[in-house]
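# Report on the structure
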Amino acid sequence: MPATPEAVAQFRQLERELWTRTYLMGILEFDGETIAPPKGAPARAEAMGALAGEYHKLLVDRAARELVLDLQDQVRERDDQQLYLELLQLEREQFEATAIPTEEAAAFSRLTSEANAVWHKAKLTNDWASFEPYVDRIVETLKRHAAYMYPDRDAYDVWLDQYERGMDAASYDAFFDQVRKTVVPLVHEITQRPQPEASFLSAHVPEATQLAIARDLMGIVGLDPEATVLSCVEHPFTNGMAAGDVRITTHIYEDNLISNVYSVIHEAGHAIYEQNVDPSYAYTCLGTGSTMGIHESQSRFFENIIGRSRAFMTPLLEVLRHHAPEVYGSVTEDELYRAVNIATPSLIRTEADELTYPLHIMVRYDIERQLFAGEATARDIPALWQKYMHEYLGIDVPNDTLGCLQDTHWSGGSFGYFPSYALGSAYGAQMVPSMEAAGVDLAGACAAGNLTPVCDWLREKIWRWGAGKDGVELLQEACGAPFDATFYCTYLQNKFSDLYNVK
């Protein structure tokens, strides 16, 4: 039988109250990373803990759980597909959250808020020792929480599945093995080849000019300027809190304009996804992006497949020449293309080139696996980081600021998140042939600086579904086939072999 109007109204009210807490926590998180004063960290942690506690209480309240189960009995997909999907999504959240005591959920929010503040200071002062205890506490908490939820599953598999449903360590092992066989020898071969002359990349470009360039690039991607804000931070990120409120960030180095260029294009990819979820999903559990891998597929699609394509050099160079003619006035499109695609081992993940990037992810993945397997503790991380960076990229790490302190993710408890970055790149590569088979002239759109045809395809196949479909389902329907890393490996092999004349 169809759901009663009273029950549906109660469910909608529950979802809106949950969304409100999420929105407020998003504002606190964004402020903490951008404009909040350092001494406000304890108060912010207390507020975050209180909101997380309220969210948890609402989610696991007995009446709320009974309401969801009762509605599931009343509603079938054929009656109201959207409501059915919302119920399934919220029921899963309730099941997982019910296993974790409310006081532990609030305590974990406080722990990660404190850890984030400590991480900021530790990174600036190269002080791993101060951050180290938080890593162990967070890992142990996550192990305990995983056991609460799924006592018969490996703890790391539980968290890998949280970020990319359907993925586990065995799946990632197979994926990374295929990437390793392609990328590592290609990187070793390329390091023996001469690099293009690209001194213009380190030319001084003032912050104000770079911000103007950033806003032009946001427009080319297609962001709604009245629904987006841009701020500067230490570690760029995007908060997609609502379709009309998406906040992106960048980090500006006045002697490295290109870093800002691709940081903005990357975050704009996240943002335009959030801005194009079906409006009927607003204030519901479906009103955000799908899995982390799918979200990264969008950001890295715009950053690399579009932003670093030969065709995109036409509109990109036009923007650069307009704002910084003294630097880019005499640079050609071919010179810019080769410069922004220089592949060379480096220390910082967020600054890594497209080819070496997945190797940075493998470093983090290998360390996380050992932490959750009990084969290592936080004290071992600096040495492990050194070991894997040398093994995969052939470089040594001079200090922890440039090594294991460079990313914010662990301070927020996001273990199992890193692998989705590499998976997202692979997802995006697999979408290209399907997009072009559907009649989208990808190169033509990039060259014209008019990405409307690309965005139309992505909106139809990916964006509009929000969290209503998992990554596996979205990719299958968009590409007509399950995930296959061969597309990604072939893309990297072809692109960089051509750039460096590798036979």
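Quick summary incoming for the structure in this document. A quick note: this is a predicted structure, and the numbers were derived from the prediction, not measured.

Summing up its helical and strand segments, the protein chain has 21 helices and 3 strands in all. Compactness check: the protein chain gives a C-alpha radius of gyration of 23 Å against a globular reference of 23 Å for 503 residues, within 12% of the reference. Projected onto the principal axes, the alpha-carbon positions of the protein chain cover approximately 65 × 50 × 45 Å. The 503 residues of the protein chain split such that 56% are buried. The long-range fraction of contacts in the protein chain, counting pairs at least 24 apart against all pairs at least 6 apart in sequence, stands at 73%. The centroid of the 40 positive side-chain charges in the protein chain is displaced by 1 Å from the centroid of its 74 negative side-chain charges.

As for its placement among the helices and strands, Ser411 is situated in the loop between helix 16 (381-393) and helix 17 (418-437). Side chain to side chain, Ser411 and Asn116 meet in a polar contact 3.2 Å long. At a separation of 2.6 Å, a polar atom in the side chain of Ser411 contacts the main-chain carbonyl oxygen of Thr408. Aside from chain neighbours lying at most four places away, what touches Ser411 is Thr112, Ala115, Asn116, Trp119, Phe131 and Ile138.

Taken as a whole, the second largest pocket spans an internal volume of roughly 460 Å³. Pro38, Arg44, Ala117, His120 and Lys121 are the residues nearest the centre of the second largest pocket, which is lined by 23 residues in total. With 10 residues, helix 5 (residues 102-125) is the single largest residue contributor to the lining of the second largest pocket. The residue inventory of the lining of the second largest pocket, partitioned by class, reads 11 nonpolar, 5 polar and 7 charged.

Time to look at the environment of Gly222. Relative to the helices and strands, Gly222 is located in the loop between helix 9 (207-221) and strand 1 (228-232). Judged by relative accessible area, which is 43%, Gly222 ranks as partly exposed. The spacing of Gly222 and Ala339 is 117 residues in sequence and 25 Å in space, taken between C-alpha atoms.

We now examine empty space enclosed by the protein. A complete count under the given rule lists 2 cavities of 30 Å³ or more for this structure. Considered as a void within the structure, the largest cavity measures approximately 70 Å³ in volume. Looking at the largest cavity, the residues that line it are Arg300, Phe301, Asn304, Ile305, Glu354, Tyr357, Ser425, Ala429, Tyr488 and Tyr491. Looking at the lining of the largest cavity, the elements with two or more residues in it are helix 11 (292-306), helix 17 and helix 21 (486-499). For the lining of the largest cavity, the element with the highest residue contribution is helix 11, accounting for 4 residues. For the lining of the largest cavity, the residue count by class is 6 nonpolar, 2 polar and 2 charged. What the second largest cavity holds in volume is close to 40 Å³. Arg364, Trp385, Cys404, Asp407, His409, Trp410 and Phe418 are the residues that line the second largest cavity. Along the lines of polarity and charge, the residues of the lining of the second largest cavity split into 4 nonpolar, 1 polar and 2 charged.

Okay, the pattern of salt bridges next. Taken as a whole and judged by the stated rule, the model has 26 salt bridges. Residue Arg92 pairs with Glu96 through a salt bridge whose shortest N-O separation is 3.6 Å. You can see Arg92 and its partner Glu96 sitting in helix 4 (residues 81-98), 4 residues apart, about one turn around the helix. A salt bridge links Glu303 to Arg300, with the nearest nitrogen and oxygen atoms 3.5 Å apart. Linking Glu303 with Arg300, this pair stays in helix 11, spanning 3 residues, or about one helical turn. As far as the burial class goes, Glu303 and Arg300 line up, both buried. Each of Arg12, Glu15 and Glu86 takes part in a single network of salt bridges with overlapping partners.

Okay, the side chain of Gln430 next. Looking at where Gln430 falls in the secondary structure, it is placed in helix 17. Exposure remark for Gln430: the relative accessible area of 1% places this residue in the buried category. Setting aside residues up to four positions removed in sequence, Gln430 forms contacts with Leu475, Cys479, Ala481, Pro482, Phe483, Asp484 and Phe487.

With that settled, the discussion passes to the packing of aromatic side chains. Tallied over the full model, the rule gives 24 aromatic pairs. Judged by centre distance (6.0 Å) and plane angle (55°), the ring pair of Tyr172 and Tyr365 falls under tilted. With Tyr172 in helix 8 (residues 169-190) and Tyr365 in helix 15 (residues 357-373), the pair connects residues that are 193 residues apart, well separated along the chain. Taking NZ or CZ as reference, Arg153 lies 5.2 Å from the ring centre of Tyr150, over its face. Across from the ring centre of Tyr357, 3.6 Å away, lies the NZ or CZ of Arg300, which sits over that ring.

What counts and how
Residues numbered from 1 in each chain as written. Predicted model: local features only at pLDDT ≥ 70, side-chain atom pairs only at ≥ 80, totals over all residues. Heavy atoms only, no water. Helix = DSSP H or I, 4+ residues; strand = E, 2+ residues; numbered from the N terminus. Rg over C-alpha atoms; globule rule 2.2 N^0.38 Å. Buried < 20%, exposed > 50% of the residue type's maximum accessible area, 1.4 Å probe, protein only. Contact = heavy atoms within 4.5 Å. Lys, Arg positive; Asp, Glu negative; His and termini not counted. Charge placed at Lys NZ, Arg CZ, Asp CG, Glu CD. Polar contact = N/O pair within 3.5 Å; in protein donor to acceptor, adjacent residues only side chain to side chain. 1 Å grid on protein atoms, 1.4 Å probe; cavity = no way out; pocket = protein on both sides within 12 Å on 5 of 7 lines; lining within 4 Å. Points joined across faces, edges and corners; volume = space filled by probe spheres on them. Nonpolar A, V, L, I, M, F, W, Y, C, P; charged D, E, K, R; others polar. Salt bridge = Lys/Arg side-chain N within 4 Å of Asp/Glu carboxyl O. Phe/Tyr/Trp six-rings, centres within 6.5 Å; stacked < 30°, edge-to-face > 60°. Lys NZ or Arg CZ within 6 Å of the ring centre and 35° of its normal.

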